[in-house]
Amino acid sequence: MAVAADWAGVISRHHDEIIKGWLQQLRDDGTLQTGRIKDAELEGECRRMLALVGPELAHGAAHSPLGGELRDMLVALSRSRALQGFTPSETSNFVLGLKLPLFGAIGVDYPDQADVIAGATIEATRKLDRLALLTIESFQKSREEVIIRQQREIAELSTPVVKLWDGILALPLIGTLDSERTQVVMENMLQSIVEHSAEIAIIDITGVPTVDTLVAQHLLKTVAAARLMGADCIVSGIRPQIAQTMVHLGVELNVISKASLADALALALQRIGKRVVDTAGATAAPVEFLR
Amino acid sequence: MDRIPILKMGDALLITIQVDMHDRLALALEEDLTAKIAATKAKGVLIDISSLEIVDSFIGRMLDNIAAVSRMLDADTVVVGMRPAVAITLVELGLSLTGVKTALNVERGMLMIQNRLRGLGDFSGRRS
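Just so you know, these numbers come straight off a predicted model, no measurement behind them.

Draft legend 1. Summary view of the overall build of chain B. When you go through chain B residue by residue, the secondary structure sums to 4 helices and 5 strands. Its helices and strands in sequence order give chain B the pattern β-β-α-β-α-β-α-β-α, from N to C terminus. At 14 Å, chain B has a C-alpha radius of gyration in line with the 14 Å of a compact globule built from 128 residues. For chain B, the spread of C-alpha atoms along the three principal axes comes to 35 × 30 × 20 Å. Going through the 128 residues of chain B one by one, you find that 45% of them count as buried. Contacts in chain B between residues far apart in sequence, at least 24 positions, make up 70% of those at least 6 positions apart. By element, 51% of the accessible surface of chain B is carried by carbon and sulfur atoms, the whole surface being about 6400 Å².

Right, dumping it as structure tokens:
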């Protein structure tokens, strides 16, 4: 049985050289060139990590769970790398770059003991690989978090409810209506109906690129929910091509629909008993005559 | 057993549901209401469900039934004050209560019933 290498001793004896070699490695990889991270900052990170890796290499078995502090540090580091816009390989190279200097150091300490060096190298490689995988994983995770947050923001931004008049709301929909968005649209609309005690809601689908059977079903659901709350819905802004497609597909929207938002508003005003008066001409005309 | 009170206001009956509806309570309400419509010759029924937070398919169907029964006895049913969450639930359950008239609040519901009583015809709640 070969003598196990004393990693803690190796690291403490060659600390500065390892750090220097590691930084050189990172520089060669181009991590610093982008200017996203400063030299001193990187060196600080290296020192902190080496201090944590030492005990990990010296004690932990290859398959034992990663030490809490080291894990936390790597997760935090990958997160900040992801936010700063580093690539995944640059992030994992931070860990992998430690390999060569470490192996160099152990070669110096155990000359002519090939079996010790080989054993220690294999051990260290396995551990560092796991750490590198951990960085990739957390890098990916924080990227995904960003994407999810953006999706949520887009969903909120794209479903505004506008008050057009006392008791008249408009929902200008833009983009594809999937079931998730329908849910958000429905909730927003119903909530606004309560807040403004609206009688009529106009759903304007000028910005909806395609209407298939599924989208139509979602629209109908929204209309049905509004009706249950005691508000009428008018659908407006169905484009000519879409109207044709819908008829060809056999999609039927059994709701009041108007060609444009203006027409829908005119109808809504008429429904709540308002008239638009042309102040230039003396006579007051009901809205329907002004169209 | 608890019963939901049915108040008479002119030619309309007013029902305010302020407790969670369980199935037996709903059935009792349907029976009571039918008897009351027959007894008072009411022309409109207003059901306020603004305090109702939980609905299931049974309650949804019950509302539909009440409306259908009332219509047979020549009274129109208006359901008022449905909460957004309840509306979404009913739609997701596939119950859009097509036979039931709806209004946002009691005031508007009453207006709808009065319009009908005054013979304004189309029962749409439009101001005239």
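Picking up where we left off.
Draft legend 2. Summary view of the sheet that holds strand E1 (residues 6-9) of chain B. Residue and element names in this part refer to chain B. In space, the 5 strands of this open sheet follow the order E1-E2-E3-E4-E5, with mixed pairing throughout. Across the chains shown, the open sheet's two edge strands, defined by having one partner strand only, are E1 and strand E5 (101-103). Averaged over all neighbouring strand pairs, the angle between strand axes comes to 25°, with direction disregarded. Summarising the sheet, strand E3 (residues 44-48) and strand E4 (residues 76-80) pair through 5 bridges and their orientation is parallel. Of the residues in E4, the one forming a bridge with Val45 is Thr77. Across the sheet, helix H1 (residues 23-40) lies against E1, strand E2 (12-16) and E3, angled at about 160° from E2, the strand it touches most. With respect to the sheet, helix H2 (residues 57-72) is in contact with E3 and E4, its orientation differing from that of E4 by roughly 150°.

Draft legend 3. Region of interest: the packing of helix H6 (residues 99-109) of chain A against helix H7 (residues 114-157) of chain A. Residues and elements named next belong to chain A. At a minimum axis distance of 11 Å, the contact between H6 and H7 shows a crossing angle of 160°. Accordingly, the angle class assigned to the pair H6 and H7 is roughly antiparallel. The chirality of how H6 crosses H7 is right-handed. The segment H6 lies against H7, with Lys99, Leu102, Phe103, Ile106 and Gly107 engaging Ile117, Ala120, Thr121, Ala124, Thr125, Leu128 and Asp129. In terms of residue class, the contact of H6 with H7 is built from 7 nonpolar, 3 polar and 2 charged.

Draft legend 4. Summary view of the domain arrangement of chain A. Partitioning chain A into domains gives domain 1 (7-153) and domain 2 (162-290). Relative placement of domain 1 of chain A and domain 2 of chain A: their C-alpha centres are 57 Å apart.

Draft legend 5. Region of the structure containing the pattern of salt bridges. Tallied over the full model, the rule gives 15 salt bridges over all chains. For Glu45 of chain A, the salt bridge identified is with Arg81 of chain A, shortest N-O distance 3.1 Å. Linking Glu45 of chain A in helix H3 (residues 39-58) with Arg81 of chain A in helix H4 (residues 68-84), this pair joins segments that are 36 residues apart in sequence. Note that Asp74 of chain B is salt-bridged to Arg116 of chain B, the shortest N-O span being 3.4 Å. Of this pair, Asp74 of chain B sits in the loop between H2 and E4 while Arg116 of chain B sits in helix H4 (residues 106-117), placing them 42 residues apart in sequence. A residue is classified by how much of its surface remains accessible, and Asp74 of chain B, at 38% relative accessible area, is partly exposed.

Draft legend 6. Region of the structure containing the interface of chain B and chain A. Taken residue by residue, the interface counts 19 residues in chain B and 19 residues in chain A. Of the roughly 1700 Å² buried between chain B and chain A on both sides combined, carbon and sulfur atoms contribute 58%. Interface area lost by chain B to chain A is led by Ile88, Val91 and Leu104 of chain B, which between them contribute 31%. Along the contact surface separating chain B from chain A lie 2 salt bridges. Linking Lys221 of chain A and Glu92 of chain B is a salt bridge whose minimum nitrogen-to-oxygen distance equals 3.1 Å. Seen at the junction of chain B and chain A, the total is 6 residue pairs in polar contact (both at pLDDT 80 or more). Counting residues per element, the ones that place at least two in the side of chain B that touches chain A are helix H3 (84-92) and E5 of chain B. Looking at the side of chain B that touches chain A, its residues break down into 11 nonpolar, 3 polar and 5 charged.

Parameters at a glance
- Residues numbered from 1 in each chain as written.
- Chains lettered and ligands numbered in written order.
- Predicted model: local features only at pLDDT ≥ 70, side-chain atom pairs only at ≥ 80, totals over all residues.
- Heavy atoms only, no water.
- Helix = DSSP H or I, 4+ residues; strand = E, 2+ residues; numbered from the N terminus.
- Rg over C-alpha atoms; globule rule 2.2 N^0.38 Å.
- Buried < 20%, exposed > 50% of the residue type's maximum accessible area, 1.4 Å probe, protein only.
- Contact = heavy atoms within 4.5 Å.
- Areas by Shrake-Rupley, 256 points an atom, 1.4 Å probe, with all protein chains shown as cover.
- Pairing = 2+ DSSP bridges.
- Axes fitted to C-alpha atoms, helices over the stretch in contact; angles between N-to-C directions.
- Parallel < 35°, antiparallel > 145°, perpendicular 65-115°, else oblique.
- Left-handed = near helix turned anticlockwise from the far one by under 90°.
- Nonpolar A, V, L, I, M, F, W, Y, C, P; charged D, E, K, R; others polar.
- Domains from an automatic or database assignment.
- Salt bridge = Lys/Arg side-chain N within 4 Å of Asp/Glu carboxyl O.
- Buried area = accessible area lost by both parts, 1.4 Å probe.
- Polar contact = N/O pair within 3.5 Å; in protein donor to acceptor, adjacent residues only side chain to side chain.

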